[in-house]
Amino acid sequence: MNIRKTFIEAAKNRNLLIAGIVLGVLLLAILVVAAFNIRPNELQVPLRYSAFGITNIYREQWYYEFAFVGFAIVAAVCAYAIALKMFATKSAKFATYFLWLASIVMAIILVMIVAIFRVISVVQ
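Residues numbered from 1 in each chain as written. Predicted model: local features only at pLDDT ≥ 70, side-chain atom pairs only at ≥ 80, totals over all residues. Heavy atoms only, no water.

**Q** What exactly am I supposed to notice about the overall build of the protein chain here?
**A** A count of helices and strands for the protein chain gives four helices and two strands. For a compact globule of 124 residues, the expected C-alpha radius of gyration is about 14 Å, and the protein chain comes in at 18 Å, more than 25% above that figure. Each of the three principal axes of the protein chain carries a C-alpha extent, and together these read 50 × 30 × 20 Å. Taken across its 124 residues, the protein chain has 28% of its residues classed as buried. Partitioning the contacts of the protein chain with sequence separation of at least 6, the portion at a separation of at least 24 is 66%. Surface exposure of the protein chain reaches about 8300 Å², of which carbon and sulfur atoms provide 70%. A distance of 18 Å separates the average location of the 11 positive side-chain charges in the protein chain from that of its 4 negative side-chain charges. (Helix = DSSP H or I, 4+ residues; strand = E, 2+ residues; numbered from the N terminus. Rg over C-alpha atoms; globule rule 2.2 N^0.38 Å. Buried < 20%, exposed > 50% of the residue type's maximum accessible area, 1.4 Å probe, protein only. Contact = heavy atoms within 4.5 Å. Areas by Shrake-Rupley, 256 points an atom, 1.4 Å probe, with all protein chains shown as cover. Lys, Arg positive; Asp, Glu negative; His and termini not counted. Charge placed at Lys NZ, Arg CZ, Asp CG, Glu CD.)

**Q** Explanation requested: the confidence of the model for the protein chain in the structure shown.
**A** Fine structural detail should not be taken from predicted coordinates in areas where pLDDT scores are low. Summary statistics for the protein chain give a mean pLDDT of 84 and a share of 91% for residues scoring 70 or more. Of all helices and strands in the protein chain, the one with the weakest mean pLDDT is strand β1 (residues 45-49) (68), whereas helix α2 (residues 14-37) scores best (92). (pLDDT = per-residue confidence, 0-100.)

**Q** Could you clarify how one ought to interpret a nonpolar patch on the surface in this entry?
**A** Residues Leu28, Leu31, Val32, Phe36, Ile73 and Val77 make up a contiguous nonpolar surface patch of about 550 Å² in total accessible area. Residue contributions to the nonpolar patch peak at four residues, all from α2. Relative to the elements of secondary structure, Ile73 occurs in helix α3 (residues 66-89). (Patch = residues over 30% accessible without salt bridge, like charges linked within 9 Å, V, L, I, M, F, W, Y side chains within 5 Å. Salt bridge = Lys/Arg side-chain N within 4 Å of Asp/Glu carboxyl O.)

**Q** Quick question: what am I supposed to make of the packing of helix α1 (residues 3-12) against α3 here?
**A** A pair of packed helices is captured by two measures, namely the crossing angle of their axes and the spacing between those axes. Where α1 contacts α3, the two axes come as close as 10 Å, and the packing angle between them is 90°. Taken together, α1 and α3 sit at an angle that is classed as roughly perpendicular. Across from Thr6, Phe7, Glu9 and Ala10 in α1, the residues of α3 making contact are Tyr80, Leu84, Phe87 and Ala88. Across the contact of α1 with α3, the residue classes tally to six nonpolar, one polar and one charged. (Axes fitted to C-alpha atoms, helices over the stretch in contact; angles between N-to-C directions. Parallel < 35°, antiparallel > 145°, perpendicular 65-115°, else oblique. Nonpolar A, V, L, I, M, F, W, Y, C, P; charged D, E, K, R; others polar.)

**Q** I would appreciate a short explanation of the packing of α2 against α3 in the present structure.
**A** Between α2 and α3, whose axes approach to 10 Å, the crossing angle comes to 170°. It follows from the interaxial angle that α2 and α3 lie roughly antiparallel. In contact with Leu16, Gly20, Leu23, Leu27, Ile30, Leu31 and Ala34 of α2, α3 contributes Val69, Ala72, Ile73, Ala76, Ala79, Tyr80 and Phe87. Of the residues in the contact of α2 with α3, the class split is 13 nonpolar, one polar and no charged.

**Q** I'm lost on α2 in this one. Help?
**A** Each α-helix winds once per 3.6 residues, and so residues spaced three or four apart point in a common direction. Helix length check: α2 (24 residues) gives 34 Å between terminal C-alpha atoms against 34 Å at 1.5 Å per residue, within 8%. Along α2, the residues that are buried comprise Leu16, Ala19, Gly20, Leu23, Leu26, Leu27, Ile30, Val33 and Ala34. For α2, the side-chain oxygen to backbone nitrogen distance between the N-cap and Asn15 is 3.3 Å, and the N-cap itself is Asn13. (Expected span 1.5 Å × (residues − 1). Polar contact = N/O pair within 3.5 Å; in protein donor to acceptor, adjacent residues only side chain to side chain.)

Below you can see the structure in the form of structure tokens.
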């Protein structure tokens, strides 16, 4: 399987290209939200909630916020790689559906990241 050839063939498929662009735009929105909301400071920010521990809200250093952005990047890259593999082995329809599903998941990630950053901005 030639990766370059598969990528060029996938770029010619309009539905797959639109789904990939939507996924990329959502990833770009996550990066922009993170760029404007991550601020280095000495305060610990609330990142996790658990009903089972002694402390319900767990606080971490500010740089743990990059983990959310890293997860979004890895999820988008892996989803597009899997979609290309599905395009090469199965059909374009399966790859397109998979990219639309990944776009929905990326939109949910965007909403969660905005909510987390909104809680963090109240603390700061």
